[in-house]
Amino acid sequence: MCELLVGLPDVNVDGVGDWPGWLRIAITSRASRPLCPGCAGRVWGHGRVEVELVDLPCFGRRTRLVWSKQRRRCPNPNCGVVTFVESDDRIATERAGMTDRAGRWATFQVGHHGRAVSEVAADLGCDWHTVMDAVNHHGRPLIDDPNRIGKTVAVGLDEVLFCRSGKFKRRCWSTQVVDVARGQLLDIVPGRDAASCCRWFAAQPDEWVDGIVWATLDLSGSYRSVFDTMLPHAIQIADPFHVVKLANFVLDEVRRRVQNETLGHRGRKTDPLYRSRKLMTIAHERLDDESNLKLVGLLEAGDPRGEVRNAWHAKEVVRSIYAIDGPETAVEFVSQLGIDLQDDSCPPEIRRLGRTITKWRQQIAAWHQARFTNGPTEAVNNLIKRVKRVAFGITNWTNYRTRSLLYAGKPDWTILGINPR
Ligand SMILES: [Zn+2]
């Protein structure tokens, strides 16, 4: 009955004791006498060693499995092996402080449920490092599993803050590579420069890279050059959110400059331009008649040269890009918009926006072909931030990558014999 409860293959349960901190289960292996791993000759017994392993909690109590291992000696004087101790990977891998099943459970807790390592360690009654070592050991085959990535049609890049390190808390960045069609984190690359991302794409199999049709990005020059060099066949899509965000930012810049030029100070709560700032960021079609009148009135009062109105109009036109039907119309519209915004009558900020739109016109209009956005990348970004927050920050790159990929990389948990549903 005891053996049934302990549930390990080929072991005798020699005793169960109630220790102050945990339940102590003593086992010995039933395996037959092995041959020498060096000379394959017969070996003699040479005493026993007790190995204490952290095991899964049993009936709500922390548990230690105490395995009395047989030590053996090779009598052959020409053999390099002097003594060796029995081992069984089904119970625990050598030098792991934890049984195999407890390690897999801990990996699932940290990787799938996103729990803190310290929390899982407290459940098992062991050290933080014992759990983290187990997560790295059992997590690696899941991360390296070639079936995890599969076929990717659309890929997206985004930067994510890794940690702040050093005396001056310098920010270390990382780049996440995301399958935006399936919302899956493919990998995390150190740094946010083009070179490190290019190296990652270069290391991937050719047929996988050739299968990518779409590549999404925010308006970042370095990621654009990654796609230009490594995925020249893929169609780049500029993320709509970031395009509209840029237009809103430009509107804000114009408003602040005009505010300062007309009144000589930053916005105060009674200034018309300052009062209009929130109304201007709302989509025009969502303003009711009253708010619309209010906005027009505020702009008339605070914007004598019509520059803010001009910028607001530019923002609305940029938004209207995404209401267009049909890719051909979109290319034409975006190209013309880029030229129009660079007109001499526009404020300098708007002309700069026009130059950016002209530079990215193909990428902005490409959205109308496939409608992929960088949204899934931002969603994955959120998951990674959760991992970091639960850990109160991670500074070890290996731990960061393992935990993020187990949490957001959709690994196949059945490899560890776990059914996540
Ligand atoms: Zn031997």
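Scope of this entry: the structure provided in the associated data block. Small disclaimer: the values here were computed from a predicted structure and weren't measured. (Residues numbered from 1 in each chain as written. Predicted model: local features only at pLDDT ≥ 70, side-chain atom pairs only at ≥ 80, totals over all residues. Heavy atoms only, no water.)

### Thoughts on the environment of Ser404
Here is the rule we go by: Runs of E in the DSSP output that reach at least two residues are strands. Runs of H or I that reach at least four are helices, and both are numbered from the N terminus. Any two residues whose heavy atoms approach within 4.5 Å are treated as being in contact. Any pair of nitrogen or oxygen atoms within 3.5 Å is treated as a polar contact; in protein, a donor-acceptor pairing is required on top of that, and neighbouring residues in sequence qualify only through side-chain atoms on both sides.
By the element assignment, Ser404 lies in helix H17 (residues 397-408). Remark: the alpha-carbon pair of Ser404 and Lys388, spanning 16 residues in sequence, is separated by 8.5 Å. Beyond its immediate sequence surroundings of up to four residues, Ser404 is in contact with Leu185, Ile188, Ile384, Val387 and Gly409. Side-chain polar atoms of Ser404 contact the backbone oxygen of Tyr400, separated by 2.8 Å.

### With respect to the coordination of the zinc ion
For the record, the criterion: Water is absent from the atoms considered, so a metal site may look incomplete; donors are defined as N, O and S atoms within 2.8 Å of the metal, or 3.2 Å for Na, K and Ca. Here the metal geometry follows the donor angles, with tetrahedral for four donors whose angles all fall between 85 and 135 degrees, square planar for four and octahedral for six when opposite donors are more than 155 degrees apart and every other angle is between 65 and 115, and irregular for all the rest. A simple rule labels every residue: compare its accessible area, found with a 1.4 Å probe on the protein chains alone, to the largest value its type can have, and call it buried under 20%, exposed over 50%, or partly exposed in between.
The zinc ion binds to the protein through Cys36 (SG), Cys39 (SG), Cys74 (SG) and Cys79 (SG), with metal-donor distances spanning 2.2 to 2.4 Å. The coordination sphere of the zinc ion comprises four donor atoms, whose angles at the metal cover 105 to 114 degrees; the geometry is tetrahedral. Here the donor residues of the zinc ion share one chain and are spaced in sequence as C-x2-C-x34-C-x4-C. You can see Cys36 sitting in the loop between strand S2 (23-29) and strand S3 (44-58) and its partner Cys79 sitting in the loop between strand S4 (61-73) and strand S5 (83-85), a full 43 residues away along the chain. Cys79 carries the same exposure label as Cys36, and that label is buried.

### As for helix H11 (residues 289-302)
Applied cut-off: Here a helix's expected span is defined as the number of its residues, less one, multiplied by 1.5 Å. Taking the helix axis as origin, the arc is that swept by the directions to the C-beta atoms.
Over its 14 residues, H11 runs 20 Å from end to end, which matches the ideal 20 Å to within 8%, given 1.5 Å per residue. What H11 keeps buried is the set Ser291, Leu295, Leu298, Leu299 and Gly302. Along the long axis of H11, the arc covered by the buried residues comes to 95 degrees, so they all point the same way. Those residues of H11 that are exposed and angled more than 90 degrees off the buried face are Asp289, Glu290, Leu293, Glu300 and Ala301. If you follow the buried residues of H11, they end up packed against helix H9 (240-263), helix H10 (272-281) and helix H12 (307-320).

### Some points on the pairing of strand S1 (residues 11-18)
Consecutive side chains of a regular strand alternate in pointing toward one face of the sheet and then the other. How we decide: Only strands that DSSP links by at least two bridges are regarded as paired with each other.
Relative to S2, S1 runs antiparallel, the two sharing seven bridges. Residue pairing across strands places Gly15 opposite Ala26, the latter belonging to S2. Counted along the chain from S1 to the antiparallel partner S2, the turn is four residues long.

### Quick word on the layout of surface pockets
Regions of empty space are outlined by a rolling probe, equal in size to a water molecule, passed over the atoms. We apply this condition: Put plainly, a pocket is an open set of points on a 1 Å grid over the protein atoms alone with protein on both sides within 12 Å along at least five of seven lines, a cavity is a set where a 1.4 Å probe fits but cannot get out, and a lining residue has an atom within 4 Å of a point. Grid points are joined across faces, edges and corners, and a volume is the space filled by probe spheres set on the points. In the scheme used here, Gly and all other residues not listed as nonpolar or charged are polar, with Ala, Val, Leu, Ile, Met, Phe, Trp, Tyr, Cys and Pro taken as nonpolar and Asp, Glu, Lys and Arg as charged.
There is about 290 Å³ of room inside the largest pocket. Lining the largest pocket we find 15 residues, and of these Asp145, Pro146, Ile149, Gln204 and Pro205 sit closest to its centre. Residue assignment for the lining of the largest pocket shows that the elements contributing at least two residues are helix H4 (128-144), helix H5 (146-149) and helix H7 (206-210). Counted by class, the lining of the largest pocket contains six nonpolar, two polar and seven charged residues. Counted as a void, the second largest pocket has a volume near 220 Å³. Around the second largest pocket, the lining is made up of 13 residues, and of these Leu5, Val6, Ile25, Cys58 and Phe59 lie nearest the centre. Of all the elements in the fold, those that place two or more residues in the lining of the second largest pocket are helix H1 (2-6), S2 and S3. Per-element accounting of the lining of the second largest pocket gives the leading share, four residues, to S3. Here the lining of the second largest pocket is built from residues that sort into ten nonpolar, one polar and two charged.

These values are about where atoms sit, not about what they do.
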